[in-house]
Amino acid sequence: MPEMNMIEAIRDAMDVKMSQDPDVLVFGEDVGYFGGVFRATAGLQEKHGLHRCFDTPISEGGIVGIAIGMAANGLRPVAEIQFADYIYPAYDQIASEAARLRYRSNGDFTAPLTIRTPVGGGIYGGTTHSQSPEALFTHIAGLKTVIPSNPYDAKGLLIAAIEDNDPVLFLEPKRLYNGPFDGDPHAPAKAWRGHKLGDVPAGHYRVEIGEARKLQKGVDVTVLAYGTMVWVAQKVAQDLGIDADIIDLRSLLPLDIEMIEKSVNKTGRCVILHEATRTSGFGAELAAQVQERCFYALEAPILRVTGWDTPYPHAQEWAYFPGPKRVGNALRTVMEA
Amino acid sequence: MAKKPSKKSEPKTDKDELLSYYREMLLIRRFEEKAGQLYGMGQIAGFCHLYIGQEAVVTGCRAAMKDGDQMITGYRDHAHMLACGMESRGIMAELTGRSGGLSRGKGGSMHMFSTEKHFYGGHGIVGAQVPLGAGLGFANKYLGNGSVSLAFFGDGASNQGQVYETFNMAKLWDLPVVFIIENNQYAMGTSVERSSAETELYKRGSSFEIEGIQVDGMNVLEVRDAAAKAIKHARDGKGPMILEMKTYRYRGHSMSDPAKYRSRDEVTKTRSERDPIDAVRHQLLDKGWADEADLKALDKEIKEIVKDAADFSLESPEPDPSELWTDVLLPVEG
Ligand SMILES: Cc1ncc(C[n+]2csc(CCOP(=O)(O)OP(=O)(O)O)c2C)c(N)n1
Ligand SMILES: [Mg+2]
């Protein structure tokens with residue numbers, strides 16, 4: 001199987017869909033001619049033509065709004081928002097239009113569009129280039145939100161998102177583009193090459209939206225994570241010798257609550273990780289659902305390890321990032337309870 | 001409404017003035033070159049957008065401002081801060097993310113401020129500073145303080161919807177704000193032609209009845225005169241004007257820029273034919289207002305300032321861990 005990093009896998013998903021379906025269009029800022037700031041669309045314009053892969057002005061509200069109109073009229077747009085931090089001008093279009101079209105029109109109209117956008121820290125981007133705003137979107141009924149943690153899932157999930165008949169927000173943890181990052185910024189960077197999830201099948205395949213991935217089976221504690229935090233969890237559990245049941249959610253909404261429930265009922269312990277700020281973060285939703293379903297199986301309070309309730313700092317990026325130390329403390333605490 | 005520059009008589013200047021513009025522009029250039037070096041050495045992390053090539057724009061505008069007038073801009077902001085008289089040490093130390101930085105390492109290259117120097121940032125979100133600039137103008141008008149705000153933004157930013165909402169309100173209420181479009185022809189890897197239906201950006205205010213002027217942004221005196229006109233217009237209660245500064249950035253958009261979107265020739269040609277600092281240098285020499293030795297001495301002096309800033313930025317300690325939680329909200333007294 002071809003080996004790919006996450007960028008290549010994402011590009012390949014768009015390439016596969018553009019080749020199969022003339023209604024799939026790819027656009028955004030610097031996406032066409034330049035090939036995207038992270039190179040995710042490099043070569044697509046040459047291959048599929050200027051009319052199918054093109055540049056937009058810096059107009060996030062317009063980009064998403066126009067994509068919704070295209071989608072309502074039969075196309076399958078894949079819009080890129082260059083960083084998730086720039087998505088806010090488009091929030092109105094996403095919340096009020098894309099997510100509501102089906103409901104408002106009694107199912108007459110839908111907006112099958114995909115919005116791809118990089119999230120998370122790890123590149124010293126500071127307050128305006130590091131955010132993880134997923135909870136702002138999982139709070140919107142009528143929208144699906146997914147976030148892969150590896151090349152294999154990225155490709156399959158993006159294909160499923162493009163084929164989905166509802167709007168899907170596709171979040172790309174930018175720190176994972178080139179390799180699995182386990183939370184130590186000083187360790188040499190790892191590549192996807194040689195990693196089993198860097199083996200990406202050629203051609204079409206789907207990773208279904210709404211299905212989590214059991215990253216590793218264990219009996220001691222359930223770890224719920226997504227994006228970058230998945231790899232931090234795995235490394236920390238290994239280092240501490242904790243036999244963790246690690247669930248990579250992949251899809252936040254819809255959520256694979258069955259897998260979560262089964263796991264927590266088995267382990268009786270649950271730690272939730274995300275990079276986003278803590279208050280009203282997606283972890284709060286997870287904790288609520290877990291206790292609703294698994295309260296009597298729990299042997300310890302559910303713990304969350306998250307970013308602090310501050311903007312993402314520039315210089316103190318790694319003090320903000322919920323790295324191995326904080327994750328380790330939480331795992332030890334629930335194990336001792 | 002909007003008009004192209006007409007060929008007019010040479011702008012007036014004198015020795016001291018021209019030397020001061022030269023000095024200001026050279027300081028910006030040397031500062032940015034040093035920032036580029038520090039970045040290359042791994043001392044600056046993340047984003048770092050250099051202003052090299054565009055020095056005449058902010059220098060000319062600043063020359064036309066009065067005390068109390070404000071500036072606000074995007075992320076390509078180091079030069080604006082230097083022009084406002086902010087400490088080169090504090091700017092450089094913010095780039096290196098140290099406690100001596102103007103934002104104590106919280107902001108990085110794109111996010112610095114000084115109420116004292118009337119510099120309102122430093123904003124990483126493209127176009128977001130434009131309504132803020134108009135809001136500064138609104139407050140000036142309401143407070144009757146006679147000040148004018150200058151809102152700088154790029155050709156790329158000029159396509160953001162909120163810019164047009166702002167134009168409308170600024171004219172509707174005749175706010176004392178000047179919109180300065182720094183048209184360096186590219187927004188990252190996308191040229192104006194590939195992103196803009198109307199590429200003559202000074203016309204962008206036409207449907208709001210905002211007068212626009214296209215200015216040679218590589219000529220510090222023309223910039224100054226256009227800015228003076230627009231600032232006076234705003235201060236006289238006649239509302240906003242738009243100045244489209246035709247300029248050019250020599251370096252990449254940020255530090256990692258494959259530069260595949262333009263030819264090396266284009267960059268070299270602009271550098272050799274339109275460089276704003278060379279132009280002033282020649283003027284100074286031609287008029288006999290300075291000789292090579294004077295300019296060399298000035299260059300040396302500026303290099304010292306920049307070196308001092310760089311040294312400071314490397315010696316300044318990392319921010320204290322407690323800084324992580326400061327300035328999120330005003331602490332509640334308990
Ligand atoms: C809302 C938003 N969208 C996109 C970006 C990413 N971005 C940063 S700078 C830039 C190009 C802006 O170009 P221009 O306005 O011409 O300014 P210049 O960089 O040329 O000074 C883009 C697309 C951003 N920071 N904010
Ligand atoms: Mg530009």
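The model shown is predicted, which means the values in this text are computed figures rather than measured ones.

(A) Just the environment of Val64 of chain A, in detail. Residue and element names in this part refer to chain A. Turning to its location among the elements, Val64 is positioned in helix α3 (residues 60-72). When the C-alpha atoms of Val64 and Val327 are compared, they prove to be 36 Å apart, with 263 residues separating the residues in sequence. If sequence neighbours within four positions are ignored, Val64 has contacts with Ala79, Ala90, Gln93, Ile94 and Ile115.

(B) Focus on the sheet that holds strand β11 (residues 270-277) of chain A. All names here are of chain A. Read from one edge to the other, the open sheet built from 5 strands follows the order β7-β9-β8-β11-β12, with strand pairing classed as mixed. Edge strands, defined here as strands with exactly one partner in the open sheet, are β7 (213-216) and β12 (303-307). Along the sheet, successive strands turn relative to each other by an average axial angle of 25°, direction set aside. One ladder, built from 3 bridges, connects strand β8 (residues 221-225) with β11; its direction is parallel. Residue pairing across strands places Thr222 opposite Cys270, the latter belonging to β11.

(C) The nonpolar core, seen in detail. Val223, Ala233 and Val271 of chain A together with Val178 and Leu243 of chain B are the most contacted members of the largest nonpolar core, which has 191 residues in total. Among the elements that line this core, the one with the most residues is helix α1 (residues 15-40) of chain B, at 9 residues. Residue assignment places this core across two domains, with domain 1 (6-198) and domain 2 (213-336) of chain A each supplying three or more. When residues no more than four places from it in sequence are discounted, the contact partners of Val223 of chain A are Ala233, Ala237, Ala244, Asp245, Ile246, Ile247, Val271 and Leu273 of chain A.

(D) Seen up close, the interface of chain B and chain A. Tallying the contact residues gives 34 residues for chain B and 28 residues for chain A. When the residues that make up the side of chain B that touches chain A are grouped by side-chain class, the tally is 14 nonpolar, 16 polar and 4 charged.

(E) Up close: the domain arrangement of chain A. All names here are of chain A. Structurally, chain A comprises domain 1 (6-198) and domain 2 (213-336). Once you take the C-alpha centre of each, domain 1 and domain 2 turn out to be 25 Å apart. On the side of domain 2, 30 residues touch domain 1, which itself brings 30 residues to the contact. Those elements that place two or more of their residues in the side of domain 1 that touches domain 2 are α6 (134-138), β5 (144-146) and α7 (151-163).

What counts, and where the lines are drawn
Residues numbered from 1 in each chain as written. Chains lettered and ligands numbered in written order. Predicted model: local features only at pLDDT ≥ 70, side-chain atom pairs only at ≥ 80, totals over all residues. Helix = DSSP H or I, 4+ residues; strand = E, 2+ residues; numbered from the N terminus. Contact = placed C-beta atoms within 7 Å. Pairing = 2+ DSSP bridges. Axes fitted to C-alpha atoms, helices over the stretch in contact; angles between N-to-C directions. Core = buried A, V, L, I, M, F, W, Y, C linked by C-beta atoms within 7 Å. Buried ≥ 20, exposed ≤ 12 C-beta atoms within 10 Å, placed from the backbone. Domains from an automatic or database assignment. Nonpolar A, V, L, I, M, F, W, Y, C, P; charged D, E, K, R; others polar.

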